[in-house]
Amino acid sequence: MAVMRECISEPRVEKKENAPVSIRLEVPPHRRSKFVGAGGYNLKKLTAETGVQLSPIDDTSFTVFAPNQSAMDEAQEAIAQLLSEEKEPVLDFGAIYTAKIVELKEVGVMVELYPNMQPALLHNSQLDQRKINHPSALGLDVGQEISVKYFGRDPVSGRMRLSRKVLQNPATKVVRNLGVSTLDASPAASKES
């Protein structure tokens with residue numbers, strides 16, 4: 001111990017530049033899906049760009065391990081950007097918006113109502129009055145702008161509910177005259193009585 005005290009009498013206050021660093025990160029539950037990304041995309045990207053390793057502790061906590069302080073600083077900046085509260089515009093229920101098609105899928109089209117929005121699915125059943133199997137049957141392409149009606153968010157999944165077909169005229173109008181027989185409605189029948 002005497003030899004150690006001669007060399008260094010107390011632990012260093014400052015860590016070395018290349019010493020590994022670890023912190024505990026708290027992520028609010030409503031931001032977790034954005035933080036992790038689809039299939040862990042954001043976590044993988046963060047690891048590839050900065051060299052940090054993220055390990056989940058529980059539903060709202062992660063351990064961030066970095067090989068050095070500069071990597072940790074870079075990771076914390078990227079994490080802050082991921083978790084930043086983007087001011088999402090308030091959409092009015094029943095209002096009509098112009099949406100830009102960003103992707104065609106087998107089940108519908110992915111649309112954006114405003115810039116930097118996570119694309120929302122406009123299902124084939126909501127594209128047209130007629131039944132369609134693929135959006136290309138209507139001549140829809142990526143980059144095209146279409147009008148859609150906003151019906152709020154799904155209470156379970158939180159996804160936007162949009163429709164294009166409610167803005168179109170009905171495909172066929174069926175007129176039914178209920179309660180009046182065809183004999184009673186004819187002019188000849190009314191003269192005889």
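From a predicted model like this one, the values you see are computed outputs, not experimental measurements.

Peer 1: Any details on the pairing of strand β2 (residues 53-56)? Residues and values, ideally.
Peer 2: Two strands pair when backbone bridges link them, and β2 and strand β3 (residues 61-66) are joined in this way by 4 bridges, in the antiparallel orientation. For Ser55, the partnering residue across the bridge sits in β3 and is Thr63. Hairpin geometry of β2 and β3 is characterised by an intervening segment of 4 residues between the two adjacent antiparallel strands.

Peer 1: Any chance you could break down a negative patch on the surface for me, citing the residues and the numbers?
Peer 2: A cluster of like negative charges, contributed by Glu49, Asp73, Glu74 and Glu77, occupies part of the molecular surface. In terms of residue count, the dominant contributor to the negative patch is helix α4 (residues 69-83) (3 residues). Looking at where Glu74 falls in the secondary structure, it is placed in helix α4. Assessed through its relative accessible area of 44%, Glu74 is described here as partly exposed.

Peer 1: Could you give an account of the nonpolar core, with specific residues and numbers?
Peer 2: It is characteristic of soluble globular proteins that their nonpolar side chains tend to be buried jointly. In terms of nonpolar packing, the biggest core is built from 19 residues, with Leu113, Ile146, Met160 and Leu162 touching the most fellow members. For this core, the elements supplying multiple residues, two or more each, are β4 (96-105), β5 (108-112), β6 (120-123), β7 (145-153) and β8 (160-163). Each residue touching Leu162, except ones within four places of it in the same chain, is listed here: Val111, Leu113, Ala120, Leu122, Gln126, Val148, Lys149 and Tyr150. In this structure, Val21, Val36, Leu54 and Ala66 belong to the second largest nonpolar core, which totals 18 residues.

Peer 1: Can you lay out the packing of helix α3 (residues 41-50) against α4 for me, pointing to particular residues and giving the numbers?
Peer 2: Where α3 contacts α4, the two axes come as close as 10 Å, and the packing angle between them is 150 degrees. As the angle between them shows, α3 and α4 are arranged roughly antiparallel. Crossing of α3 against α4: the hand is right-handed. Across the interface between the two elements, Asn42, Leu46, Glu49 and Thr50 from α3 touch Ala71, Glu74, Ala75, Ala78, Ile79 and Leu82 from α4. Tallied by class, residues from the contact of α3 with α4 come to 6 nonpolar, 2 polar and 2 charged.

Peer 1: Tell me what's going on with the confidence of the model for the chain, and back it up with residues and numbers.
Peer 2: Note that predicted coordinates carrying low pLDDT should not be read in detail. With 85% of its residues at a pLDDT of 70 or more, the chain has an overall mean of 82. Across residues 172-177, confidence stays below pLDDT 50; counting only partners more than four residues off in sequence or on other chains, it has 0 contacts.

Peer 1: If you had to explain the pattern of salt bridges to someone new, which residues and values would you point to?
Peer 2: Per the counting criterion, the structure on display carries 2 salt bridges. Notably, a salt bridge pairs Glu26 with Arg24, separated by 3.0 Å at the nearest N-O pair.

Peer 1: Pulling in residues and values, what's your account of the packing of aromatic side chains?
Peer 2: This structure, assessed with the given rule, holds 3 aromatic pairs. Ring centres of Phe93 and Phe151 lie 6.0 Å apart, and the angle between their planes is 75 degrees; on these two criteria the pair is classed as edge-to-face. Here Phe151 lies in strand β7 and Phe93 lies in the loop between α4 and β4, a separation of 58 residues in the sequence. Owing to a relative accessible area of 25%, Phe151 belongs among the partly exposed residues under this scheme.

What counts, and at which threshold
- Residues numbered from 1 in each chain as written.
- Predicted model: local features only at pLDDT ≥ 70, side-chain atom pairs only at ≥ 80, totals over all residues.
- Heavy atoms only, no water.
- Pairing = 2+ DSSP bridges.
- Helix = DSSP H or I, 4+ residues; strand = E, 2+ residues; numbered from the N terminus.
- Patch = residues over 30% accessible without salt bridge, like charges linked within 9 Å, V, L, I, M, F, W, Y side chains within 5 Å.
- Areas by Shrake-Rupley, 256 points an atom, 1.4 Å probe, with all protein chains shown as cover.
- Salt bridge = Lys/Arg side-chain N within 4 Å of Asp/Glu carboxyl O.
- Lys, Arg positive; Asp, Glu negative; His and termini not counted.
- Charge placed at Lys NZ, Arg CZ, Asp CG, Glu CD.
- Buried < 20%, exposed > 50% of the residue type's maximum accessible area, 1.4 Å probe, protein only.
- Core = buried A, V, L, I, M, F, W, Y, C linked by side-chain atoms within 4.5 Å.
- Contact = heavy atoms within 4.5 Å.
- Axes fitted to C-alpha atoms, helices over the stretch in contact; angles between N-to-C directions.
- Parallel < 35°, antiparallel > 145°, perpendicular 65-115°, else oblique.
- Left-handed = near helix turned anticlockwise from the far one by under 90°.
- Nonpolar A, V, L, I, M, F, W, Y, C, P; charged D, E, K, R; others polar.
- pLDDT = per-residue confidence, 0-100.
- Phe/Tyr/Trp six-rings, centres within 6.5 Å; stacked < 30°, edge-to-face > 60°.

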